[in-house]
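Structural features, examined
Here is what each chain is made of, one letter per residue.
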Amino acid sequence: MHDTLNASALLSTIKTTLKSKFENSAPSARDLYWSTGQACVAQFAMDDCWYRAQVISVSSNENKVKVLFIDYGNEEDVGTHQVRKDICLMRHPQQGYYCQLFNVLPVSDNGKWPIATLNLLHKMIVDRTCFITVMVPATSEHPPKIQMEMIDGPIVGDELVSLGVATFAGERLAERVSPPPCELIYLDAIVPEMGSNVPVVISEVLTHTTFYVQRRNFDKEESVAIRECHNTINRCAADWQPITEPKIGDACCARFTVDDVWFRAVVTGVDETEKLVTVIYVDYGNEETLGYDRIRKIPSEMLLLPKLAFLCELFQVHPVDTWTPELEAQLLELLNRDDEHLYYVDVKEYGNPVQVNLNVAVEGRDEPQLAYQHLVNGNLLKLVRKKTWEETA
């Protein structure tokens, strides 16, 4: 169900925006491979429009996936050519609420709702305005149980019982306790399409060949979402709930020690004795160790903005002879230029890390060239293609 006071205009905006972006679009190579739980935009067969969704299963032949349309609650099997990873509008919370009717059971031999009863219920409530009262709060295993009253009619549960298709369950109100928290995870960073030479800045260097980058080709909507998220965190994070028992994998806000600014993060290590946590800042890739007093619980809406940084590795780069401290130092110097130095990444293979050519603009040339081309020309580096499975067999 939807909140009619707040959702109608937003749903219309989402539908119009996604139609404009994806209508008549063709899938890229990365749109053909999916795993359960990934956020996506999918095409609905009934109207050929595009909607926000989540992959809930992948078929064995990998040509089809089952998606949940998160703003409506319906599931559908779609071809991989009808799903896109270039997600947008994800800063808006999910608009569909999953609920269960309170204190009614189906009249059936197997305890399941017959198709005829579901069709009747569909006619009673779909696309009609109602009022709901939460009778039993949601838990980690069950949705909230509600009493539903149609704006121009009876209480739905009572009506089903009066029609003889349901019976009262004798259910009593549960104690009103706070449900256990759900696991919070960030949306994956948006990785550019292959061959696109996207402008980036290097946000963190791990080794002479691995590093994190942030895209610099954000559209207007992405830029607004990033700014709003950053402003909200720094205005409110200090007042958010402290984390007294952190666990590895917890999404959080952490206060960076260099500038005392709050950033989105994930806990990667816990020292209970010293009350210390190690976190990675998901929008940059850097890690540091902090006291418990410098982390806060993060609201779920702060996770809807995809991570801004993704991990890269130089594609097919090997030393001509062997890695020496001097050669590694030259690459590290190249990667560790000032924070705003603009590079271009050309994605060659998807994975973690993403395999990329790291390019720079060259005056007088239309296309960027390898940032380390001088090391290749100097016979210090070579580009070695990996053998395929057939070649190694």
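So, a few notes on the structure that sits alongside this text. (Residues numbered from 1 in each chain as written. Predicted model: local features only at pLDDT ≥ 70, side-chain atom pairs only at ≥ 80, totals over all residues. Heavy atoms only, no water.)

Quick look at the pattern of salt bridges
Going through the model one piece at a time under the given rule, you end up with nine salt bridges. Across the pair Asp77 and Lys66 runs a salt bridge, and its minimum N-O distance is 3.5 Å. Residue Asp77 is located in strand S4 (residues 75-79), and its partner Lys66 is located in strand S3 (residues 64-69); the two are separated by eleven residues in the primary sequence. Residue classification places Lys66 among the partly exposed positions, given a relative accessible area of 26%. We note a salt bridge from Glu222 to Arg215, for which the minimum N-O separation is 2.8 Å. Like Glu222, the residue Arg215 is buried in the burial classification. (Salt bridge = Lys/Arg side-chain N within 4 Å of Asp/Glu carboxyl O. Helix = DSSP H or I, 4+ residues; strand = E, 2+ residues; numbered from the N terminus. Buried < 20%, exposed > 50% of the residue type's maximum accessible area, 1.4 Å probe, protein only.)

Describing the side chain of Thr210
Topologically, Thr210 is positioned in strand S12 (residues 210-215). The exposure class of Thr210 is buried, given its relative accessible area of 14%. Side chain to side chain, Thr210 and Thr207 meet in a polar contact 2.7 Å long. When neighbours within four sequence positions are excluded, Thr210 is seen to be in contact with Val205, Cys312 and Glu313. (Polar contact = N/O pair within 3.5 Å; in protein donor to acceptor, adjacent residues only side chain to side chain. Contact = heavy atoms within 4.5 Å.)

Description of the sheet that holds strand S9 (residues 145-150)
Strand order in the open sheet formed by three strands is S6-S9-S8, and the pairing between neighbours is mixed. Bordering the open sheet on either side are strand S6 (100-101) and strand S8 (130-136), each of which pairs with just one other strand. (Pairing = 2+ DSSP bridges.)

Quick notes on the side chain of Asn286
Within the secondary structure layout, Asn286 lies in the loop between strand S15 (276-281) and strand S16 (287-291). With a relative accessible area of 13%, Asn286 lands in the buried category.

Considerations on the pairing of S4
Bridging between S3 and S4 involves five bridges; their strand directions are antiparallel. Its bridge partner being in S4, Val65 is matched across the sheet by Val78. Linking S3 to S4, which pair antiparallel, is a turn of five residues; within it Gly73 sits at a positive phi near 95°.

Let's talk about the state of the cysteines
Enumeration according to the criterion identifies zero disulfides in this entry. Of all cysteine sulfurs, the one in Cys253 lies closest to Cys252, which takes part in no disulfide; the gap is 6.9 Å. (Disulfide = S-S within 2.5 Å.)

Details of the packing of aromatic side chains
Counted under the stated rule, the structure contains nine aromatic pairs. Residues Phe44 and Phe69 carry aromatic rings whose centres are separated by 5.6 Å and whose planes lie at 70° to one another, so their mutual orientation is edge-to-face. Remark: Phe69 occurs in strand S3 and Phe44 occurs in the loop between strand S1 (39-43) and strand S2 (50-58); sequence separation between them is 25 residues. The class for Phe44 is buried, based on a relative accessible area of 18%. With centroids separated by 5.4 Å and ring planes inclined at 75°, the aromatic side chains of Phe256 and Tyr281 adopt a geometry described as edge-to-face. Residue Phe256 is located in the loop between strand S13 (251-255) and strand S14 (262-271), and its partner Tyr281 is located in strand S15; the two are separated by 25 residues in the primary sequence. One exposure class covers both Phe256 and Tyr281, and it is buried. Aromatic rings pair up to connect Phe44, Tyr51, Phe69 and Tyr72 into one cluster. In this structure, Lys21 is placed above the aromatic ring of Phe22, and the distance from its NZ or CZ to the ring centre is 5.8 Å. Against the face of Trp34 rests Lys85, its NZ or CZ located 5.0 Å from the ring centre. (Phe/Tyr/Trp six-rings, centres within 6.5 Å; stacked < 30°, edge-to-face > 60°. Lys NZ or Arg CZ within 6 Å of the ring centre and 35° of its normal.)

Without other data, these values stay purely geometric and don't point to any function.
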